Amino acid sequence: MKDFDLILFDLDGTLTRSDPGILRCIRETMKKLNVPEPPAEIMRKFIGPPLTLSIREYCGITGEKAMEFVEEYRSIYNVKGVFEAEVFDGMFPLLKKLRKSGYKLALATSKPQSSANLVSDHFGITPYLDMVSGASEDEKDTKANVIRRAIAAMNTTASRTLMIGDTRFDAEGAQQAKTHFLGVLYGYGTREEMEAFGAAHFVDTPEDIGKWILEE
């Protein structure tokens, strides 16, 4: 077994396959606000990071228009889109096994805290966790801050914490918060993007996460 106290999981692309609901709601918001839709390969990059960051980087939207976009998106997503997802196969057995092995488990996501709680509760993830650490409602939090809050709440240290995620934002957050990092390759990011932020360990499936941590 790896010598960690706390294991943090990203949500979108790590615990859940969430692209159908997220992308539908983003497209609907773009259409309503007359924002040109980027190519499919760019739209995929909206999954994971804070929405304000993505619309600034890929659509050039900032300031009041950005807040209008986020508010409109949430009004759509929180009603239905949030439920257009599924937990990856093998994830519940993994969480159960890790808890049984004595690890503290938490969600660390760039989703606003309210949305993070909604998703975790709806899909039955919450009972397997010690806490849900989401971003501030204004989405100005960094992933590192989300990670640090979880570490503090669980009364442990960065050196005894593992962050598991699928994008460069997860790897960067772990790097800045000085935790260990495990990249998953079944999500929405790429190995190369995560390696750019110091990621050195990768797995292909939820089952492989357990094997890596527990050294089966």
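All values derive from a computational prediction rather than experimental measurement.

Participant: Any chance you could explain the nonpolar core here in plain terms?
Facilitator: If you look at soluble globular proteins, the nonpolar side chains tend to sit buried side by side. Of all hydrophobic cores here, the largest spans 52 residues; its most connected members are Phe9, Ile209 and Ile213. Ranked by residue count, the leading element in this core is helix α4 (residues 63-77), at 6 residues. Of all hydrophobic cores here, the second largest spans 21 residues; its members include Ala135, Ala144, Val146 and Phe202.

Participant: Which parts of the structure should I look at to understand helix α5 (residues 91-100)?
Facilitator: The periodicity of an α-helix, 3.6 residues per turn, causes residues three or four places apart in sequence to face the same way. For α5, the full list of buried residues reads Met91, Leu94, Leu95 and Leu98. The arc that holds every buried residue of α5, seen down its axis, measures 95 degrees, which confines them to one face. Relative to its buried face, α5 has exposed residues pointing more than 90 degrees away, namely Pro93, Lys96 and Lys100. Buried residues belonging to α5 abut β1 (6-9), β3 (86-87), β4 (104-112) and α10 (206-214). Looking one or two places after α5, you find Gly102, whose phi comes out positive at around 100 degrees.

Participant: So what exactly am I meant to see when it comes to the pattern of salt bridges here?
Facilitator: Pairs can form between side chains of opposite charge whenever their charged atoms are close. For the structure on display, the rule yields 17 salt bridges. Between Glu84 and Arg24 there is a salt bridge; the shortest N-O distance is 2.9 Å. Of this pair, Glu84 sits in the loop between α4 and β3 while Arg24 sits in helix α1 (residues 19-32); the two residues are 60 residues apart in sequence, bridging distant segments of the chain. Overall, the relative accessible area of 21% leaves Glu84 in the partly exposed class. Residues joined in a network through salt bridges with shared partners are Asp3, Asp5 and Arg160.

Rules used throughout
Residues numbered from 1 in each chain as written. Predicted model: local features only at pLDDT ≥ 70, side-chain atom pairs only at ≥ 80, totals over all residues. Heavy atoms only, no water. Core = buried A, V, L, I, M, F, W, Y, C linked by side-chain atoms within 4.5 Å. Buried < 20%, exposed > 50% of the residue type's maximum accessible area, 1.4 Å probe, protein only. Helix = DSSP H or I, 4+ residues; strand = E, 2+ residues; numbered from the N terminus. Arc of directions from axis to C-beta. Contact = heavy atoms within 4.5 Å. Salt bridge = Lys/Arg side-chain N within 4 Å of Asp/Glu carboxyl O.

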